[in-house]
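Below are the chains, spelled out letter by letter.
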Number of protein chains: 2
Amino acid sequence: MAPTYKLTYFDVRALAEPIRYLLAYGGIEFEDHRVAFEQWPAMKNTTPYGKLPIMEVDGEVIHQSPAMARYLGRMLNLAGDDEWESLLCDMVVDAFTDLRMLTSGFFREKDQSIKEKKREPLFNETIPFYLDRLDKQVEENSGHFVRGKLTWADFYIVCCLETIGTTLKICFLDKYPNLKALTEKINNLPQIKEWIEKRPKTIF
Amino acid sequence: MAPTYKLTYFDVRALAEPIRYLLAYGGIEFEDHRVAFEQWPAMKNTTPYGKLPIMEVDGEVIHQSPAMARYLGRMLNLAGDDEWESLLCDMVVDAFTDLRMLTSGFFREKDQSIKEKKREPLFNETIPFYLDRLDKQVEENSGHFVRGKLTWADFYIVCCLETIGTTLKICFLDKYPNLKALTEKINNLPQIKEWIEKRPKTIF
């Protein structure tokens, strides 16, 4: 029997969306459990490391979005053709994670004076630095992050870039034609298109 | 012919040390290239995403310490016995990375007023929260992070925990007997013991 999948996250796309994309792409049925923000404080300590998303696979709890996305990616043959190409997927996702941690830290920063100090270097240096390199990597890899092949790194980064844009209210894709084209390519895959049409409409 | 490995990092242990441990454990010869901090500004833009460590494998540049450690771990049969156990390694390393990003961000924060605001929640909430859970995970997994097996997650986290302790000047292992025992177990593996004896003595 096929394993059961129950994904638990908030009622937003953000870190769960790459997982939802991969499940949708693979035609894997899953329970898309969404928790209200008010429920979270009472729930936090019951999760493995105090964070969401988590996913139950036949009742076993797994966590951490890059680890889960890689696992699904390998299962769906979306991790390149050998260990070296799997490494190439991991490298770009890890590099992107460095950016993602900074943008999500900024978004969640509650101290306004810290936030204002962080704003200028983040928006004018860090974000352009990473987006330039990511765009160049897609250009040099025939429209994907790894050797012209569709991999879980494409799904992961396309989804998270959208979150960065939405949460920080910046519209950057027009400046990065290769990232823009990759985003359109992923969002136009028939399974993803169908998922986007049916998924709950949320703020980010 | 065996591939050649050239690891480039600063003259410290930190993020390169899990890679050096894995190479030493696997009996893999490598060039341990160390760059002076003064050389870094001129070099930064020549690296894939502006960071070290990088490693040249037969001249191909790879980057990102978790990605590199996973690659070596899989090569050395240190990633569990199947894809699920490989996922379990990835999950705990990713969870640990959330902590590591916060501690390294704190360590490198140059604005003293931000640093002082971050100190109390980091030292009194975040660090104990993660160390409690990591210690419990080792306890529940027979002295390792994953099912009583030696994996690259052990090497990665043991090395990085040492860096957190040294850079933040906190001595926490006595409070976490399972993490302490795992650290001793890793550091007493014959190949690692030999590496520790011969490696350059550095500040962290």
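Given the structure is predicted, the values throughout are model-derived calculations rather than measurements.

**What about the nonpolar core?**
Nonpolar side chains in soluble globular proteins tend to end up buried together.
So, point 1. In terms of nonpolar packing, the biggest core is built from 137 residues, with M55, F96 and F145 of chain A together with M55, F96 and F145 of chain B touching the most fellow members.
So, point 2. Non-local contacts of F145 of chain A, meaning those with residues more than four positions away in its chain, are made with V92, L134, Q137, V138, A153, D154, I157, L179 and L182 of chain A.

**Some points on the relation of the copies chain A and chain B**
So, point 1. Superposing chain A onto chain B requires a rotation of 180° together with a translation of 0.0 Å along the rotation axis, leaving an RMSD of 0.0 Å. Here the transformation between the copies is reduced to the relation of a two-fold axis. Across chain A, the rotation axis passes nearest the C-alpha of I114 of chain A, at a separation of 3.2 Å.
So, point 2. Same-surface contact between copies: 100% of interface residues of chain A are shared with the interface of chain B.

**Observations regarding the environment of A16 of chain A**
All names here are of chain A.
So, point 1. Tracing the sequence through the fold places A16 in the loop between β1 (5–10) and α1 (17–25).
So, point 2. Separated by 140 residues in sequence, A16 and Y156 have C-alpha atoms that sit 9.7 Å apart.
So, point 3. Ignoring anything within four residues of it in the chain, the contact list for A16 reads L7, Y9 and P53.

**Some details on the packing of aromatic side chains**
So, point 1. The full count for this structure, using the stated rule, is 22 aromatic pairs over all chains.
So, point 2. Relative to W84 of chain B, the ring of Y71 of chain A has its centre 5.6 Å away and its plane inclined at 85°; by these criteria the two rings are edge-to-face. Here the residue Y71 of chain A occupies a position in helix α3 (residues 65–75), and W84 of chain B occupies one in helix α4 (residues 83–108), the pair thus bridging two chains.
So, point 3. On the numbers, 5.5 Å between centres and 70° between planes, the contact of F106 of chain A with F123 of chain A is edge-to-face. Linking F106 of chain A in helix α4 (residues 83–108) with F123 of chain A in helix α5 (residues 112–140), this pair joins segments that are 17 residues apart in sequence.
So, point 4. Judged by relative accessible area, which is 7%, F106 of chain A ranks as buried.
So, point 5. Ring-pair connections join several aromatic residues into one group, and the members of that group are Y9, F10, F37 and W40 of chain A.
So, point 6. Against the face of F106 of chain B rests K115 of chain B, its NZ or CZ located 5.0 Å from the ring centre.

Rules and cut-offs
- Residues numbered from 1 in each chain as written.
- Chains lettered and ligands numbered in written order.
- Predicted model: local features only at pLDDT ≥ 70, side-chain atom pairs only at ≥ 80, totals over all residues.
- Heavy atoms only, no water.
- Core = buried A, V, L, I, M, F, W, Y, C linked by side-chain atoms within 4.5 Å.
- Buried < 20%, exposed > 50% of the residue type's maximum accessible area, 1.4 Å probe, protein only.
- Contact = heavy atoms within 4.5 Å.
- Least-squares fit on C-alpha atoms with pLDDT ≥ 70 in both.
- Helix = DSSP H or I, 4+ residues; strand = E, 2+ residues; numbered from the N terminus.
- Phe/Tyr/Trp six-rings, centres within 6.5 Å; stacked < 30°, edge-to-face > 60°.
- Lys NZ or Arg CZ within 6 Å of the ring centre and 35° of its normal.

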